[in-house]
Amino acid sequence: MPEFKVDRDVIQYYEKIETESDRLDKGTARLEGERTREILRQHLPAPPARILDAGGGPGAYAFWLAGRSYEVHLLDVVPRHIEQVKERDKDGILKSAEVGDARTLDFETHSMDAVLLMGPLYHLQERPDRIAALEESLRVLKPGGVLICAAISRFASFMDGMKQGYLFNPEFARIVLKDLNEGRHENPDMDPRYFTTACFHRPEEFEEEITAAGFDLVRTIGLEGPAWLLGEFDELWADEAKRKDLLAFLKLVETEPSLIGVSAHILSVAKAP
């Protein structure tokens, strides 16, 4: 296996922040979590299928899937995330949880029914690294196996900056300009408000990389649509009727090409030939 460089800024960011373990339980990230679980329910094979959650962080989706009787293997490049997973998994509900890199998977060829790449493809800035992660996923998948992978929209920091008021901060404005022009998100001062090293994709760029790695693309969706920009989101989410209506409307427009890039996260489903 080739040796790949790990971006230390990414490791340091996740080692320091205290919110990643429960991020999907707060604010508009609840929309991200709910919509992702909906896509997983639609496209994953039935349990007890064998799933690799590569770059699975502290295990938000891994534990949810294991609770649905899947055999789940989790790996993440951040040691703190794996420590948090093992602290939580006292009953051994996960089949395995190890520090690892999505570009060099320590799993046998054709050994997985599904692979999740919910973070690696936007923390690998260089295309060859992203292709390597996709090709490794393809290698470990059984023929016909499912890949579900996430990207961050090229326009996410621009829209978030408008919503949060950061856009008029000269430091953040410089970050946004690089995002828009190059798709390279860099936070040289390590301000935790401004995320960490990442690649921000246009939808068509994301799809091209998936197919270039050898996958058959099934669909690409805008995960949150424009709803992540809503004001008073907590109040809306707490209203069950409004929450159901919102999710129903988002499902209607999730594959609309002119709206996919408005979503903070882009999700693609693909299959191994």
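Residues numbered from 1 in each chain as written. Predicted model: local features only at pLDDT ≥ 70, side-chain atom pairs only at ≥ 80, totals over all residues. Heavy atoms only, no water.

Colleague: Hey, could you run me through the packing of helix H6 (residues 127-140) against helix H9 (residues 203-212) in this one?
Modeller: Any two packed helices are characterised by the angle at which their axes cross and by the distance between the axes. Where H6 contacts H9, the two axes come as close as 9 Å, and the packing angle between them is 55°. Here H6 is positioned oblique relative to H9, judged by the angle of their axes. For the element pair H6 and H9, the recorded crossing hand is right-handed. Here Arg-127, Arg-130, Ile-131 and Leu-134 of H6 lie close against H9, whose contacting residues are Glu-208, Glu-209, Ile-210 and Ala-212. Its residues assigned to classes, the contact of H6 with H9 comprises 4 nonpolar, no polar and 4 charged. (Axes fitted to C-alpha atoms, helices over the stretch in contact; angles between N-to-C directions. Helix = DSSP H or I, 4+ residues; strand = E, 2+ residues; numbered from the N terminus. Parallel < 35°, antiparallel > 145°, perpendicular 65-115°, else oblique. Left-handed = near helix turned anticlockwise from the far one by under 90°. Contact = heavy atoms within 4.5 Å. Nonpolar A, V, L, I, M, F, W, Y, C, P; charged D, E, K, R; others polar.)

Colleague: Just checking my understanding: could you explain the pattern of salt bridges for this structure?
Modeller: Side chains that differ in sign of charge can pair as their charged atoms come close. Taken as a whole and assessed by the stated rule, the structure comprises 24 salt bridges. Via salt bridges that share partners, Arg-35, Glu-38, Arg-219, Lys-251 and Glu-254 belong to a single interconnected network. (Salt bridge = Lys/Arg side-chain N within 4 Å of Asp/Glu carboxyl O.)

Colleague: Is there a simple way to think about the pairing of strand S2 (residues 71-76) in this case?
Modeller: Burial analysis of S2 places 5 of its 6 residues in the buried class, which makes it a mostly covered element. As paired elements, strand S1 (residues 50-54) and S2 share 5 bridges and run parallel to each other. Among the inter-strand pairings, Arg-50 is bridged to a residue of S2, identified as Glu-71. In terms of handedness, the path from S1 via helix H3 (residues 60-66) over to S2 forms a crossover that is right-handed. The pairing of S2 with strand S3 (residues 96-99) spans 4 bridges and is parallel. By the bridge assignment for S3, His-73 is matched with Ser-96. (Buried < 20%, exposed > 50% of the residue type's maximum accessible area, 1.4 Å probe, protein only. Pairing = 2+ DSSP bridges. Right-handed = clockwise from strand over helix to strand, strands pointing away.)

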